[in-house]
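Coordinates in review
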Amino acid sequence: MALKIIKKIKSPNFVTQLILSLIFGSLSVLSMQPWGIFPIIWLTIPSFLILLDYSKSYKNSFLTAWFFGLGYFGLSFFWITNAFYVDEKMYGIIAIPAVLILSAGFAIYIGIIGLLLHSYQVGISKKTNTKNNQGNKLIVLWYKLILFASLWALIEWFRGWLFTGFPWNPIGNVWANISYPSQSVSIFGIYGLSLITILSASSPSFILNGDKAKSRYKFIFIIICNLPLILLSSWGTLRVHNADVTYVDNIKLRLVQPNISQKEKWVPQLRRKHIEKLVMMSNQEADGITHMIWPEAAVTYALNRNKSLLEYILSSFPNNTKLITGSPRTEINHNLITSYNSLYVISNVGVEAVYDKVHLVPFGEYTPSFVNFFGFNKLIYTSGQGFKQGKDRLPISLGDLPSFMPIICYEIIFSGSLYETKHDPEWLLNITNDAWFGKSSGPYQHFANVRMRSIEHGLPSIRVANSGITAVIDGYGRIINKIDINKIGTIDTGLPQKLPPTLFNYYRHSLFFALSIILILATLRFVKYKN
């Protein structure tokens, strides 16, 4: 229906064009979790490309694409407003403006795609007769879609590290709940899946262009656009077919989801009560449990500075049970207090291992230095100077427990940077506190990233969240067990065994990057030499 509406508007005025682009960008987000209406991008993406065709200048192309990005990121990031409403009196008034500014900045990435596609259109129009030759028109469109898909995926990769990075909702994540297409990330990662997804979603463009071309030629090009996704999905089907879950011997984990409200979590009078709740949930029918796992910042006191609390927690568990929990860590040097967002491994001998979070959340856990000039340095997660960045993320080995990679909160969204290739963990542990975001789309989309990281590396993931989603995920990204949003509960589980190393584990984004560059160079060669 959307395509028919666009097609009927032969020459929309520019304001209408921008409004439609904004709408199509917003609708595209419905393909993500928790909605999961993934077919919608087969309508919104071709419609967006048609709107770009109406743009006859670089300025108009940029603005049309920018408005699409504004809609896409505006709805993608809207869950962030919930964090401001935790302290509504102080921060509620800036919730929507802050998200709009963030979305407007990220929309520039899509605007750049619009500029580059317009440049392609200008270059090719000088060399190719598409008015009288419908075959030429289809070929020109084919190369345009290749360029578009490659640029989209590369832009996703760029926003994964530029300005500290925030690779939220890559298009490949539309397959997070569908095992077969998502298996391809074990080869070339989430951005490679984004590339073939965008290419496939763009294919209806052939129906709307080259009206006089023979239908069989259009059909051939549509098949070519969808062939990579079809082939990789077929391979994914074979990969997971009859793949049983096997477990590590003599390991039994208890995952604890206390569902403590963010508004109450740091209230001084309630902090001890929260710990007692966690201890109670951990000790109920706990025979045979070897490791308890609590969420990020489950203990709101700095455990390394609170010996009596540490002794209380240790005395609450059997001698042979270990606890993995999130808690702040503080260092005092010449009256200067430095805080870290940390993960502790605790046993009857005390603290066995500590990991300090490496990739902190800008404005949430620390304030970038360039922002201090504007006086926003107090908009941080903790008082004072916020958290300090940890030095390294290394596997934690405990002897009785297979080595794991500790990952705190949104560190899990960074594809390809969880650990160096030389490290060889047996599983991923992601502790998080998504209570900041309530029952919004954020926790669901956050969880989708965990599944994709498991598939990329062939490693099981254990995820423990304060308010959900707590889950056990195998190396194929399949959910073995979970506790949903805003539920109180525990999961007793074995530890799934890792799969053989994946291609992505060895080459990371190199395969995707090489493919994108080859496709872009092929398009540039076509523009240069096409008569």
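As shown above, the structure is provided for reference.
In this text, all values refer to a predicted model and were calculated from it rather than measured experimentally.

Conventions we followed
Residues numbered from 1 in each chain as written. Predicted model: local features only at pLDDT ≥ 70, side-chain atom pairs only at ≥ 80, totals over all residues. Heavy atoms only, no water. Pairing = 2+ DSSP bridges. Helix = DSSP H or I, 4+ residues; strand = E, 2+ residues; numbered from the N terminus. Axes fitted to C-alpha atoms, helices over the stretch in contact; angles between N-to-C directions. Parallel < 35°, antiparallel > 145°, perpendicular 65-115°, else oblique. Contact = heavy atoms within 4.5 Å. Nonpolar A, V, L, I, M, F, W, Y, C, P; charged D, E, K, R; others polar. Phe/Tyr/Trp six-rings, centres within 6.5 Å; stacked < 30°, edge-to-face > 60°. Buried < 20%, exposed > 50% of the residue type's maximum accessible area, 1.4 Å probe, protein only. Core = buried A, V, L, I, M, F, W, Y, C linked by side-chain atoms within 4.5 Å. Left-handed = near helix turned anticlockwise from the far one by under 90°. Polar contact = N/O pair within 3.5 Å; in protein donor to acceptor, adjacent residues only side chain to side chain. Expected span 1.5 Å × (residues − 1). Arc of directions from axis to C-beta.

Next up on the list: the sheet that holds strand β3 (residues 322-333). Here we have 6 strands laid out as an open sheet, ordered β5-β4-β3-β2-β1-β11, and mixed in their pairing. Taken across any chain shown, the strands that pair with only one partner, and hence form the sheet edges, are β5 (350-356) and β11 (489-493). Strand-to-strand twist of the sheet, defined as the mean angle between neighbouring strand axes without regard to direction, takes the value 35 degrees. Where strand β1 (residues 253-257) meets strand β2 (residues 291-293), 3 bridges bridge the pair, whose relative direction is parallel. Opposite L255, over in β2, you have I293 as the bridge partner.

Here the focus is the packing of helix α3 (residues 41-54) against helix α10 (residues 185-202). Helix-helix packing: each pair is described by the crossing angle between the helix axes and the interaxial distance. Between α3 and α10, the shortest axis-to-axis distance is 8 Å and the interhelical angle comes to 75 degrees. Between α3 and α10, the angle falls in the class roughly perpendicular. On α10, the residues touching I41, W42, I45, P46 and L49 of α3 are T197, I198, S200, A201 and S202. Partitioned by chemical class, the residues of the contact of α3 with α10 number 7 nonpolar, 3 polar and no charged.

Our focus in this paragraph is the packing of aromatic side chains. Using the criterion set out here, one finds 32 aromatic pairs in the structure. Between the aromatic rings of F38 and W175, the centroid separation amounts to 4.9 Å while the plane-to-plane angle is 50 degrees, which identifies the pairing as tilted. One end of the pair, F38, is in the loop between α2 (14-28) and α3; the other, W175, is in the loop between α8 (134-158) and α9 (179-182), and 137 residues separate them in sequence. On the basis of relative accessible area, W175 is assigned to the buried category, the value being 5%.

Counting 117 residues, the largest nonpolar core has I293, L343, F404 and I462 as its most contacted members. A per-element tally of this core places α8 first, with 14 residues. I293 has contacts with L253, R254, L255, V256, I324, W427, L429, I431, I462 and V464, leaving out every residue within four places of it along the chain. The next biggest cluster of nonpolar side chains, apart from the first, holds 19 residues, and it includes I289, W294, L323 and I346.

So, on to the packing of helix α4 (residues 58-76) against helix α7 (residues 95-125). Here α4 crosses α7 at 140 degrees, and the two axes come no closer than 6 Å. Classified by the interaxial angle, the pair formed by α4 and α7 is oblique. Note on packing geometry: the crossing formed by α4 with α7 is right-handed. Residue composition of the contact of α4 with α7, grouped by class: 17 nonpolar, 8 polar and no charged.

What follows concerns the side chain of K322. By the element assignment, K322 lies in strand β3. Judged by its relative accessible area of 11%, K322 falls in the buried class. Looking at K322, its side chain comes within polar contact range of the side chain of E352, at 3.2 Å. A distance of 3.3 Å separates polar atoms of two side chains, one belonging to K322 and the other to D400.

For the rest of this paragraph, the subject is helix α18 (residues 510-529). Given a rise of 1.5 Å per residue, 20 residues ought to cover 28 Å, and the 28 Å separating the end C-alpha atoms of α18 matches this to within 8%. Those residues of α18 that sit buried are F512, S516, I520, T523, F526 and V527. Looking down the long axis of α18, one finds its buried residues gathered within 115 degrees of arc, a one-sided arrangement. Exposed residues pointing more than 90 degrees away from the buried face of α18 are listed as I518, L521, R525, K528 and Y529.

On to the sheet that holds strand β6 (residues 404-408), then. Spatially, β6-β7-β8-β9-β10 is the arrangement adopted by the 5 strands of the open sheet, whose pairing is mixed. The strands lining the two open edges of the sheet, one partner per strand, are β6 and β10 (479-483). Sheet twist, expressed as the mean angle between neighbouring strand axes with direction ignored, is 10 degrees.

The side chains of a regular strand alternate, first on one face of the sheet and then on the other. Of all 12 residues in strand β4 (residues 336-347), 10 are buried, a share of seventy percent or more. Inspection of the sheet shows β3 paired to β4 by 11 bridges, in the antiparallel sense. Within β4, the residue paired with R329 across the bridge is Y340. What sits between β3 and β4 in their antiparallel hairpin is a turn of 2 residues, with H334 showing a positive phi close to 55 degrees. Following β4, the chain reverses through 2 residues before pairing antiparallel with β5.

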